[in-house]
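What follows is the residue order along each chain.
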Amino acid sequence: MLDPHPDDAVALVSRGRTTTYQVLRDQASAVRAGLVGLGLEPGDRVGILCGTNWYFAAAYLSVLGAGLVAVPLNPSSPALELEKELGEVDARAIVVGPAGRSTLTQIDRSGLPALEFCIVTEHVDVPGRVALDDLLATEPSVPLVDRHDDDLAVLMFTSGTAGFPKAAMLTHGNLRSNIEQMQANEPRRQTPDDVSLGVLPLSHIFGLNVVLGLSLYAGSRIVLIERFDPSSALEAVQRHGVTILPGAPAMWTAWANLADVPDDAFASVRVAASGAAKLPLEVGATFKRRFGVVITEGYGLTEASPVVTTSAGGEEKPGSIGAPLPGVRVRLVDDEGDDVLIGDPGEIWVAGPNVFKGYWRDEESTAAALTEDGWLRTGDVAVVDDDGQLFLVDRVKDLIIVSGFNVFPAEVEAVLLDHPAVEACGVIGVSHPYTGEAVKAYVVVSPDRSVEEDELIAFCAERLARYKCPDKVMFVDEIPLGTTGKVLRRSLS
């Protein structure tokens, strides 16, 4: 992956240090040889428990280069969750950066008989400890292991917003093809002159392939930041001349709300891309008005490696997730599997070389996700307009049915967010003795504002059919969000 790039070009900026492509290539070669020296064989699974930093990038390239299967893990996950994930994939080794050190010591190894090696960046007393520095000192004598398109590259656990996380099987062909599909979109195409901000978690497919994979493929520079703070992240954008700025809606919202920011704060940015969840219309409008930056939206999911659509290069339509990338096929289908008419909601089905092989050791879930002829049922609902632009509606599995009528939580949430006193919200369906289900909303009130439950219900009634309006509003201090900013509706109760 790194061979075409100039030796002295900077690949990574991380933890106050720069790493050139040549140095990164040498480091990956040494660690690859060290992994093989431990007795790890092609196809073995290796967990990567690192933050958004050099440790992750070096480990990822080394693991793939040795023909092993990378299993990105969230370093902020509790030990019990990590135990389950490591056990599910029978990981033989795990690479642990500073962010995962304390959690590593809490993992119960008794249920992980396959786990032999813990490759650590600093001293920690655990069974099977191997120092990363020792692997870096290994003679780089092991060549890259040839892999075919169908060979497994990554096991990526899904976010769990639609159920318990499952490990999606992503092949080398899946990952590479999606990178090529993104590069085929000319306005979004990266060049060696670009500088990307990498603040999205590398344990998530958005950060892994859209930021890290694409940037390395293009030979551009990545500025890696382990924790998002709007002020310091903006400073990094300006200091490094960031040109490619991918982010989740929560990031854009935080920046939009910053006071005393000059109009040219994002002057270096040529591509601003939002994904992982719907971007509030007012945030996009604020960015364009204040900074002259148009935030393009896209749509993707882990099982598609991940990008399916992008609005980059198309007509500016606020709220649109754009059109399919070159080489990606999309259908909108009804409950019978037939294509819907223009303007009617339908489930997004996706086909292309970027679509995953299925879920690890889970034939039932794989069969539910993939049709016999290779279409991925995403569980997301969208409509398409006359110009072929898609607009996301909601997830099928989040559907609320009130007296036989369908209610999409995202639609209700969007209305609530239009109220000036609502800072954040989440909507779910709850059991109702007469209507089957009723709509319940959880609301965080904006600072220095106040609002009553009846007022919010009346506000919704002015904008939605009655069956879509909340019957109950609960006021809470925060709304649970996933690592990419999605509302974790399963955590609302």
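Residues numbered from 1 in each chain as written. Predicted model: local features only at pLDDT ≥ 70, side-chain atom pairs only at ≥ 80, totals over all residues. Heavy atoms only, no water.

1. Observations regarding helix α9 (residues 249-256)
Phase 1: Listed in full, the buried residues belonging to α9 are P249, M251, W252, W255 and A256. The buried residues of α9 occupy one face: seen down the axis, they fall within an arc of 160°.
Phase 2: Contacts from the buried residues of α9 go to β10 (195-198), α8 (230-240), β12 (244-247), β13 (271-274), α10 (281-291) and β14 (295-300). (Buried < 20%, exposed > 50% of the residue type's maximum accessible area, 1.4 Å probe, protein only. Helix = DSSP H or I, 4+ residues; strand = E, 2+ residues; numbered from the N terminus. Arc of directions from axis to C-beta. Contact = heavy atoms within 4.5 Å.)

2. Some details on the nonpolar core
Phase 1: Core analysis: the largest hydrophobic core is formed by 103 residues, its most contacted members being Y60, L197, W255 and F266.
Phase 2: Considering each element in turn, this core owes the most residues, 10 residues, to helix α2 (residues 54-65).
Phase 3: Once residues lying within four places of it in the same chain are set aside, the contact partners of L197 are V211, V223, I225, A236, V237, V242, I244, L245, P246 and W255.
Phase 4: Listed in part, the 25 residues of the second largest apolar core include V69, V71, L82 and M169. (Core = buried A, V, L, I, M, F, W, Y, C linked by side-chain atoms within 4.5 Å.)

3. What to know about empty space enclosed by the protein
Phase 1: As enumerated under the stated definition, the model contains 1 cavity of 30 Å³ or more in all.
Phase 2: Roughly 30 Å³ of volume is contained in the largest cavity.
Phase 3: Of all elements in the fold, only α1 (21-37) and α2 reach the threshold of two or more residues within the lining of the largest cavity.
Phase 4: Residues of the lining of the largest cavity, tallied by class, amount to 7 nonpolar, 1 polar and no charged. (1 Å grid on protein atoms, 1.4 Å probe; cavity = no way out; pocket = protein on both sides within 12 Å on 5 of 7 lines; lining within 4 Å. Points joined across faces, edges and corners; volume = space filled by probe spheres on them. Nonpolar A, V, L, I, M, F, W, Y, C, P; charged D, E, K, R; others polar.)

4. Description of the environment of R109
Phase 1: Along the chain, R109 falls in the loop between α4 (101-104) and β6 (117-120).
Phase 2: As a C-alpha pair, R109 and L456 span 347 residues in sequence and 50 Å in three-dimensional space.
Phase 3: When sequence neighbours within four positions are dropped, the list of residues in contact with R109 reads L115, E116, C118 and P127.
Phase 4: Within the structure, the side chain of R109 is placed 3.2 Å from the backbone oxygen of L115, a separation counted as a polar contact. (Polar contact = N/O pair within 3.5 Å; in protein donor to acceptor, adjacent residues only side chain to side chain.)

5. Side note on the packing of aromatic side chains
Phase 1: Considering all chains together, one arrives at 10 aromatic pairs under this definition.
Phase 2: Pairwise contacts between aromatic rings join F228, W252, W255, F266, F287 and F291 into one cluster.
Phase 3: The positively charged end of R331 is found above the aromatic ring belonging to W375, 5.5 Å away from the centroid.
Phase 4: A cation sits over an aromatic face here: R463 above F459, 3.5 Å from the ring centre. (Phe/Tyr/Trp six-rings, centres within 6.5 Å; stacked < 30°, edge-to-face > 60°. Lys NZ or Arg CZ within 6 Å of the ring centre and 35° of its normal.)

6. A look at the pattern of salt bridges
Phase 1: Throughout the structure, instances matching the rule amount to 20 salt bridges.
Phase 2: Linking D385 and K317 is a salt bridge whose minimum nitrogen-to-oxygen distance equals 2.6 Å. With D385 in the loop between β20 (376-384) and β21 (390-395) and K317 in the loop between β15 (307-310) and β16 (323-324), this residue pair connects regions lying 68 residues apart in the sequence. One exposure class covers both D385 and K317, and it is buried. (Salt bridge = Lys/Arg side-chain N within 4 Å of Asp/Glu carboxyl O.)

7. Some thoughts on the side chain of R188
Phase 1: Residue placement: R188 occurs in the loop between α6 (172-184) and β10.
Phase 2: For the buried R188, no salt bridge exists, and the shortest N-O distance to an oppositely charged side chain is 7.3 Å, to D194.
Phase 3: Filtering out sequence-adjacent residues up to four positions away, R188 remains in contact with M182, Q183, V210, L214, I244, V271, A273 and A312. (Lys, Arg positive; Asp, Glu negative; His and termini not counted.)

8. As for the sheet that holds strand β24 (residues 422-432)
Phase 1: The strand order β24-β25-β26 describes an open sheet built from 3 strands, whose pairing is mixed. What marks the edges here is a single partner per strand, and that holds for β24 and β26 (472-475). Ignoring which end each strand starts from, the neighbouring axes of this sheet average 25° apart.
Phase 2: Two strands pair when backbone bridges link them, and strand β25 (residues 436-445) and β26 are joined in this way by 4 bridges, in the parallel orientation. (Pairing = 2+ DSSP bridges. Axes fitted to C-alpha atoms, helices over the stretch in contact; angles between N-to-C directions.)

9. Comments concerning the packing of α9 against α10
Phase 1: Two elements in contact, α9 and α10, have axes whose closest approach is 10 Å; the angle formed by their N-to-C orientations is 45°. Here α9 lies oblique to α10, going by the angle between them. Note on packing geometry: the crossing formed by α9 with α10 is left-handed. For the pair α9 and α10, the contacting residues are W252, T253, W255 and A256 in the first and V283, T286, F287 and R290 in the second.
Phase 2: Its residues placed into classes, the contact of α9 with α10 shows 5 nonpolar, 2 polar and 1 charged. (Parallel < 35°, antiparallel > 145°, perpendicular 65-115°, else oblique. Left-handed = near helix turned anticlockwise from the far one by under 90°.)

10. Details of the packing of α1 against α2
Phase 1: At a minimum axis distance of 8 Å, the contact between α1 and α2 shows a crossing angle of 60°. Classified by the angle between their axes, α1 and α2 sit oblique to one another. Crossing hand, α1 versus α2: right-handed. Two secondary-structure elements touch here, α1 through L24, Q27, A28, V31, R32 and L35 and α2 through W54, A58, L61, S62, V63 and G65.
Phase 2: Within the contact of α1 with α2, the residues separate by chemical class into 8 nonpolar, 3 polar and 1 charged.

11. A few points about the side chain of E413
Phase 1: One can find E413 in helix α12 (residues 409-417).
Phase 2: In contact with E413, not counting residues within four places along its chain, are C425, G426, V427 and R489.

12. Observations concerning the pairing of strand β9 (residues 167-171)
Phase 1: Burial within β9 is extensive, with 5 of its 5 residues counted as buried.
Phase 2: Going residue by residue along β9, you find A167, M169 and T171 tucked away on one face and A168 and L170 tucked away on the opposite face as well.
Phase 3: Inspection of the sheet shows strand β8 (residues 152-157) paired to β9 by 5 bridges, in the antiparallel sense. Among the inter-strand pairings, L155 is bridged to a residue of β9, identified as M169.
Phase 4: Looking at chain direction, β9 and strand β19 (residues 358-359) are connected through 2 bridges and run antiparallel. Looking at β19, one finds that A168 is bridged to Y359.

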